[in-house]
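# Architecture and fold: a report
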Amino acid sequence: MLTATLGSIDVAVHNQAILGEAPIWDQQTQRLIWVDIIGKSIHFYDPATEEDRAVMVGPPVGSVAPRRSGGLVAATSEGISLLTPNGSLDPLVRMAFDTRRSRMNDGKCDALGRYWTGTMALDHVTPDSSLYKVDPELRVTTMLTGVVVSNGLGWSPDNSKLYYNDTIARYVEAFNFDLADGTIWNRRHLIDFSEGPGVPDGMAVDAEGCLWIAAWGGWCIRRYQPDGALDRIIELPVAKVTSCCFGGKDLSELYVTTSRHELAESDLARQPLAGSLFRFEPGVQGLPTGHFAG
Ligand code: CA
């Protein structure tokens, strides 16, 4: 097993994001788009100019997705909204959940442009959150209930499996997936994170079908084989590693978001890069990111 340490990892954006999350590579504009959920902002990073532009939005944004017909949509407590040029959010579809108990968390589009997005319990304990699917006709289907913190999301290269992180339960799960009708079944545990380090947060799947899992509280990204065997650990200089995605030319770079949320001053002194966006070359290409077809 290989362990890479800092030195092969770049800081793409020095940032003090409170909760950097949900990175996604927009192949049309060749930019990385990511969010600061608690900072209520959407970031656009252009590696060609090394400029990172942040757009402040009203509600906390759990995730974003480029739209096939142009523009960008964001998943918030109000549902799926279109980001307007002036930074406001124009609702496309409403989703009803109790915002006193839950907030929108990670989300991603499948290869046919359906937006899968989940919620998380604000108390990190109560299992009353859900995973939703929003299809191109803007119908909302509840796919899972009883979730505490909905995270992860990734599909195998042949789209026969959906991967999902139940962060509090400390399992990476796999489902059978039917791309044509967007159904999932045969839920099972794939990776047991109970011994840590950290808990499974966001993920990306590479062209070899391996899973790159961000370890929140674990100071690393971990790569797993499709059968769940641990393959590699990439150490990072921050504890709260939130998510990752492939980007750059040929999708050959891995971008990693991080958080400084609820870190004490003494922690921040040890990890001054917490909240920054990292990048490294993992030696394998990723899969293209799905755009929202609605
Ligand atoms: Ca997350």
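Scroll up for the structure.
Summary of the structure given here. Given the structure is predicted, the values throughout are model-derived calculations rather than measurements.

### Points about the packing of aromatic side chains
Scanning the model with the defined rule gives ten aromatic pairs in all. Relative to Y224, the ring of F193 has its centre 6.2 Å away and its plane inclined at 50 degrees; by these criteria the two rings are tilted. Of this pair, F193 sits in the loop between β18 (183-192) and β19 (199-205) while Y224 sits in strand β21 (residues 220-224), and the two are 31 residues apart along the sequence. Note on accessibility: F193 and Y224 belong to one class, buried. Seen from their ring centres, W212 and F246 are 6.2 Å apart, and the 80 degrees between their planes marks the pair as edge-to-face.

### Looking at the pattern of salt bridges
Here the structure, examined in full by the defined rule, presents twelve salt bridges. A salt bridge links R114 to D110; its shortest N-O distance comes to 2.8 Å. Of the two residues, R114 and D110, neither departs from the other in class, the shared state being buried. One salt bridge in this structure joins D206 and R223, with 2.9 Å as the shortest N-O distance. Highlighted residues: D206 in the loop between β19 and β20 (211-216) and R223 in strand β21, separated in sequence by 17 residues. By the burial criterion, D206 is buried, and R223 matches it. Bridged by salt links that share partners, the residues D206, E208, R223, D231 and R232 form one connected network.

### Regarding the coordination of the calcium ion
Here the calcium ion is held by E21 (OE), N151 (OD1) and D201 (OD), and the distances to it run 2.2 to 2.3 Å. One chain supplies every donor to the calcium ion, and in sequence these donors are spaced E-x129-N-x49-D. Separated by 50 residues along the polypeptide, N151 in strand β15 (residues 150-155) and D201 in strand β19 bring together distant segments of the chain. The burial state of N151 is the same as that of D201; both residues are buried.

### As for the sheet that holds strand β25 (residues 277-280)
In space, the four strands of this open sheet follow the order β2-β25-β24-β23, with antiparallel pairing throughout. Across the chains shown, the open sheet's two edge strands, defined by having one partner strand only, are β2 (10-13) and β23 (241-247). Across the sheet, the mean angle from the axis of one strand to that of its neighbour is 30 degrees, orientation sign disregarded. Where β23 meets strand β24 (residues 253-258), six bridges bridge the pair, whose relative direction is antiparallel. Each bridged residue has a counterpart across the sheet, and for G247 the counterpart in β24 is E253.

### Topic: the layout of surface pockets
Size it by volume and the largest pocket reaches roughly 430 Å³. In terms of lining residues, the largest pocket is bounded by 28 residues, among which K108, L287, P288, T289 and G290 are the most central. The set of elements that each furnish at least two residues to the lining of the largest pocket consists of β3 (20-26), β11 (102-109), β15, β19 and β23. Here the lining of the largest pocket is built from residues that sort into 18 nonpolar, seven polar and three charged. Taken together, 18 residues make up the lining of the second largest pocket; nearest its centre are R103, M120, H124, V149 and W216. Going through the elements one at a time, β11 and β19 are the ones with two or more residues in the lining of the second largest pocket.

### Regarding the nonpolar core
Ranked by size, the top nonpolar core spans 30 residues in total, and within it L32, Y45, W212, I221, L254, V256 and L277 carry the most contacts. Broken down by secondary-structure element, the contributors of at least two residues to this core are β2, β4 (31-36), β20, β23, β24 and β25. If you tally residues by element for this core, the top one is β23, at four residues.

Scoring rules and cut-offs
Residues numbered from 1 in each chain as written. Predicted model: local features only at pLDDT ≥ 70, side-chain atom pairs only at ≥ 80, totals over all residues. Heavy atoms only, no water. Phe/Tyr/Trp six-rings, centres within 6.5 Å; stacked < 30°, edge-to-face > 60°. Helix = DSSP H or I, 4+ residues; strand = E, 2+ residues; numbered from the N terminus. Buried < 20%, exposed > 50% of the residue type's maximum accessible area, 1.4 Å probe, protein only. Salt bridge = Lys/Arg side-chain N within 4 Å of Asp/Glu carboxyl O. Donors = N, O, S within 2.8 Å, 3.2 Å for Na, K, Ca; no water. Pairing = 2+ DSSP bridges. Axes fitted to C-alpha atoms, helices over the stretch in contact; angles between N-to-C directions. 1 Å grid on protein atoms, 1.4 Å probe; cavity = no way out; pocket = protein on both sides within 12 Å on 5 of 7 lines; lining within 4 Å. Points joined across faces, edges and corners; volume = space filled by probe spheres on them. Nonpolar A, V, L, I, M, F, W, Y, C, P; charged D, E, K, R; others polar. Core = buried A, V, L, I, M, F, W, Y, C linked by side-chain atoms within 4.5 Å.

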